Amino acid sequence: MKSIASMAVVCAIFLLSFLTEAAAITKIYDVSGVNGSSGSNGHDGSDGSSWRGENGDNGDNGRRGESGTDAGRIDVRVELVETAEGVFIDVIGTTTTARGSQTNVQDRFLASQVEALVFKARGGHGGDGGRGGDGGRGGDGDDGDNGSSWSRWDLDGEDGEDGGNGGHGGDGAAGGDGGRGGNVRVVLGANSDVLAGIIRIENRGGNGGDGGRAGSGGRGGDGGDGGWRACHTDDDGHQVCGRSGWDGDDGSSGRSGSRGSTGNSGRPGDLQFQSNKGQLITEVFKLSLTSATYDETIKDGILEPGEKISISEIVFANHGGMDFPAGKHRLVFPGGTTYEMDLDPIEVSGSMVIPLNPPLELTLSEVQAFSGTNLKVDQVRVPLQTTRSFTLARPVGLLGLEKETIRTTTDNLNGILKVSLKNNSQINYGKNESVNRALRVSLHAIGEGSHFRDFLFDGNLVNEKHVQFEVDSIDAKKSMNFAMNFQVREGLPVGSQLSGRLVFELEKNGRFVEIGSQEFNLQHLLSPSTEINIEQKINRMGIRCRYPRAIFGKRTRLGRITIKRLANSDMISIRYKGHLSASQSPLYRIDQEQFGPVLNNLIGKSQLEKNDILQLFNQVLRQESLRYFSTMNRGKAWIIGSCE
C-alpha cells in the first residue's frame with residue numbers, strides 16, 4: 001500500500017457526476033441600494049480679451065455627488081427537503097427592496113443543480129463629486145506702436161500693454177456617501193447545515209464616491225511688445241533717435257482649486273446566519289482532499305499516464321470556521337462509481353479518514369486536473385478547496401546525448417554515440433529484469449530518402465532508415481550510459497552529413513511507447529592534417545581579382561592550388577598561387593558539407609582539367625551573390641568578378 005499525504009495528489013480523483021448533468025445554476029436574491037449619481041462639473045472660466053489684456057474668469061466649483069441609498073432586507077429559511085421525486089432546496093421568506101417593496105419568496109430547486117445561493121444587500125455606492133472648472137486664460141496685452149521718423153517729436157516707441165491675469169480654478173466637489181448595508185437573516189432548516197457551503201451573503205455598506213478633481217488655474221496673458229524707436233534727420237543734417245518702448249508684463253497665472261473629499265463609506269447591515277440549532281455562523285466549513293492510500297499496478301513508485309491504481313481510502317480536512325456537519329455522504333467518482341456513507345462531524349482544523357470498500361479502481365489519464373471539482377453531500381454540491389492532480393511521470397527518462405553532432409574524419413572512420421538514461425523508479429528495468437518491460441533505443445534517419453546505409457553499427461551494415469538496440473538492464477534510481485559504436489564506410493564523400501533522431505521507447509502491455517527523443521547529426525570531414533596541393537598550367541587562362549591585384553595573361557601558369565581544413569573549424573580554405581605569392585592570394589572559406597562533392601573529386605589528383613577548375617571556383621563563388629564566374633569572348637579567360 002502507498003500513502004501520499006500531499007494536497008497536490010488526491011483531489012483530481014473526484015470528477016463528479018454533476019459535470020455530465022444539467023448545467024448548474026446560481027440563484028441571486030438582490031435587495032442592494034441604488035448608487036448615487038455623480039455631481040456635475042463646474043464650468044470653465046472665460047478667457048480674457050486677447051486685444052485688451054483682460055483677466056480670465058474664475059472656474060466654477062463642481063457639484064457634490066449624490067449619496068447611495070441604504071439596502072433593503074432579506075429574511076429567509078433555507079432547507080433540504082427529500083421527496084419521492086428527489087432532494088430539493090426550499091427558500092422561503094421575504095425580501096424587501098431598497099425602496100420598501102416587499103416580495104414573498106417560495107422557491108424550490110433540485111439540489112443537485114444548485115451551484116450557489118447568493119443573498120445580496122449591499123449599500124449603494126456614493127456618486128463621484130464634480131470636478132472644478134478650469135480658470136480662463138488672461139488676455140494678451142497690445143503691442144506698443146513704433147516711433148515715426150517723420151517728426152522729431154514722434155521718435156519714441158510706445159510701451160506694450162500688460163497681459164491679463166489667469167482666472168482661478170474651481171474647487172472639486174465632495175463625493176457622495178455610501179449607503180448602509182441591508183439587514184439579512186438566513187436560517188438553515190433541520191438537517192440542512194450542509195447548505196452553508198453553497199450560501200454566499202453580502203451586506204456591506206456602499207463605497208463613498210471619489211472627490212472631484214480640482215480645476216487648474218488659467219495661464220496669464222503675454223505682455224505686449226514695446227514699439228521700436230525711430231530716427232530723424234534734422235535740418236542741420238544731424239540724426240536724432242527716440243527710445244524703444246518697454247515690453248508689457250506677462251499676467252499672473254490663476255491658482256488651482258482644491259480637490260473634493262471622498263465620501264464616507266456606508267456601515268454594514270445586521271447579519272444573522274444561523275445553523276439549524278440557532279448558532280450564529282460567521283465562517284463556513286472549507287473541505288479539502290489531502291491524501292489518498294492506493295496500490296499501484298506496477299509497484300515502482302511512479303504513476304504513469306494510463307496506469308491503473310486501486311484507492312482504498314481518502315482523507316478529508318476541514319480548514320473553515322465551522323464543523324462540517326454529520327450526515328449521509330454520497331461520493332461519485334469517474335466512471336460512475338458511488339459510495340454512500342454516514343459520517344461523524346469533521347471539526348474545525350480536523351480531518352477524517354474515509355475507507356472505500358470495495359477499493360476504487362481508477363485509470364490515470366495524461367492530464368489529471370479537474371478545476372472546480374465539487375463533492376456531493378446529500379445531492380448538494382459542496383465545493384472542495386483543493387483541486388490538484390496526481391503527479392504523472394515516466395519510470396525511465398532520456399537524459400540526452402553526450403554530443404549532438406558526432407564527427408568522423410578521413411583518417412579516422414570510427415565514431416560513437418553515447419546516450420544517458422535515468423531510472424527514476426524503485427525497481428530495475430530492462431529486457432533481462434523480472435518486471436518484463438524492455439527498454440529500446442532507436443535511431444531514425446531524418447529527411448526524404450535518408451538512411452543509414454553508409455554506416456556500420458557494431459560491425460553490421462545497415463540498409464534501413466532506422467537502427468534499434470535494446471537495453472539489458474538499468475538499476476533503480478541509477479543513471480547509465482548506453483554506447484553505440486559506428487564506422488563510416490570507406491569512400492564516403494568528404495562533407496557528407498546525416499541528420500537523425502534518437503528515440504527512447506519503453507515496453508508497456510506488449511507494445512513499445514515513445515517516451516523521449518533528441519535529434520543529432522553525423523558528419524564526415526576532411527582530416528585537420530590533410531593538405532591538398534595541385535600544380536596546374538593552362539595556356540590562355542588567367543584569374544582576375546579586384547583584390548589584391550589583377551592576375552591575367554594569355555599564357556599564365558596558375559601554379560599551386562592549396563586546400564586544407566582550418567584549425568578548430570568545419571570550414572576549409574582555398575588559396576591559389578600564380579604571378580602572386582600564396583600569401584597575397586585571396587582566401588576562400590567554405591563549409592565542407594557544401595564543398596564535399598567537389599573536394600572529393602580533387603583528392604588524389606595531381607593535374608587539373610579546365611572543367612575541374614571551373615567546378616572548383618563556381619562552387620566557391622556561388623555562395624556569394626556578388627561573385628560570378630564566366631568566360632570572356634576575347635581571350636576566353638575566366639574572370640572572378642569580386643572576391644575577398
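From a predicted model like this one, the values you see are computed outputs, not experimental measurements.

Section: the nonpolar core
One recurring pattern in soluble globular proteins is that nonpolar side chains are buried together. If you look at the biggest cluster of nonpolar residues, it comprises 54 residues, and the most contacted ones within it are Val78 and Phe119. Here the element with the most residues in this core is strand β16 (residues 351-363); it accounts for 5 residues. By size, the runner-up hydrophobic cluster in this structure holds 33 residues, among which are Leu398, Leu439, Phe457 and Val467.

Comments concerning the sheet that holds strand β25 (residues 466-471)
Pairing is mixed across the open sheet formed by 5 strands, whose spatial order is β20-β28-β27-β22-β25. Pairing within the sheet leaves two strands with one partner each, and these edge strands are β20 (405-409) and β25. Geometrically, the sheet is characterised by an average inter-axis angle of 25° between neighbouring strands, direction not taken into account.

With respect to the environment of Asp90
Within the fold, Asp90 resides in strand β4 (residues 86-96). Note: C-alpha distance between Asp90 and Glu79 (11 residues apart in sequence) is 5.3 Å. Excluding anything up to four places from it in sequence, Asp90 contacts Arg77, Val78, Glu79, Val81, Asp107 and Arg108.

Quick word on the state of the cysteines
For the structure shown, the criterion picks out 1 disulfide. There is a disulfide in this structure between Cys231 and Cys241, and the S-S distance comes to 1.9 Å. In this structure the cystine formed by Cys231 and Cys241 twists about its S-S bond by roughly 105°; its chirality is therefore right-handed. One end of the pair, Cys231, is in strand β9 (residues 231-233); the other, Cys241, is in strand β10 (residues 239-241), and 10 residues separate them in sequence. Classification of Cys231 as partly exposed rests on a relative accessible area of 27%. Take Cys241: its relative accessible area is 34%, and that puts it in the partly exposed class.

Description of the side chain of Thr96
When you line up the elements, Thr96 lands in strand β4. Not counting residues within four places of it along the chain, the set of residues in contact with Thr96 comprises Val31, Gly72, Arg73, Ser101 and Gln102.

Topic: a negative patch on the surface
A cluster of acidic side chains, namely Glu161, Asp162, Asp249 and Asp250, defines a negative patch on the protein surface. Asp249 sits in the exposed class, given a relative accessible area of 53%.

What about the sheet that holds strand β3 (residues 73-83)?
Spatially, the 5 strands line up as an open sheet ordered β5-β4-β3-β7-β11, and their pairing is mixed. Looking at strand neighbours, the two that pair on one side only are β5 (102-110) and β11 (271-274), the edges of this open sheet. Adjacent strand axes in the sheet meet at a mean angle of 10°, parallel and antiparallel pairs treated alike. Note that strand β7 (residues 183-188) and β11 share 4 bridges and pair parallel. Counterpart to Val184 in the pairing with β11 is Leu271.

Thoughts on the confidence of the model for the protein
Taken residue by residue, the protein gives an average pLDDT of 79. The fraction at 70 or more is 80%. Here helix α1 (residues 7-10) stands out as the element of the protein with the lowest mean pLDDT, 32, in contrast to β7, whose mean of 96 is the highest. Note on residues 539-556: pLDDT under 50 across the span, and 50 contacts to partners over four residues away in sequence or across chains.

About the cut-offs
Residues numbered from 1 in each chain as written. Predicted model: local features only at pLDDT ≥ 70, side-chain atom pairs only at ≥ 80, totals over all residues. Heavy atoms only, no water. Core = buried A, V, L, I, M, F, W, Y, C linked by side-chain atoms within 4.5 Å. Buried < 20%, exposed > 50% of the residue type's maximum accessible area, 1.4 Å probe, protein only. Helix = DSSP H or I, 4+ residues; strand = E, 2+ residues; numbered from the N terminus. Pairing = 2+ DSSP bridges. Axes fitted to C-alpha atoms, helices over the stretch in contact; angles between N-to-C directions. Contact = heavy atoms within 4.5 Å. Disulfide = S-S within 2.5 Å. Patch = residues over 30% accessible without salt bridge, like charges linked within 9 Å, V, L, I, M, F, W, Y side chains within 5 Å. Areas by Shrake-Rupley, 256 points an atom, 1.4 Å probe, with all protein chains shown as cover. Salt bridge = Lys/Arg side-chain N within 4 Å of Asp/Glu carboxyl O. Lys, Arg positive; Asp, Glu negative; His and termini not counted. Charge placed at Lys NZ, Arg CZ, Asp CG, Glu CD. pLDDT = per-residue confidence, 0-100.

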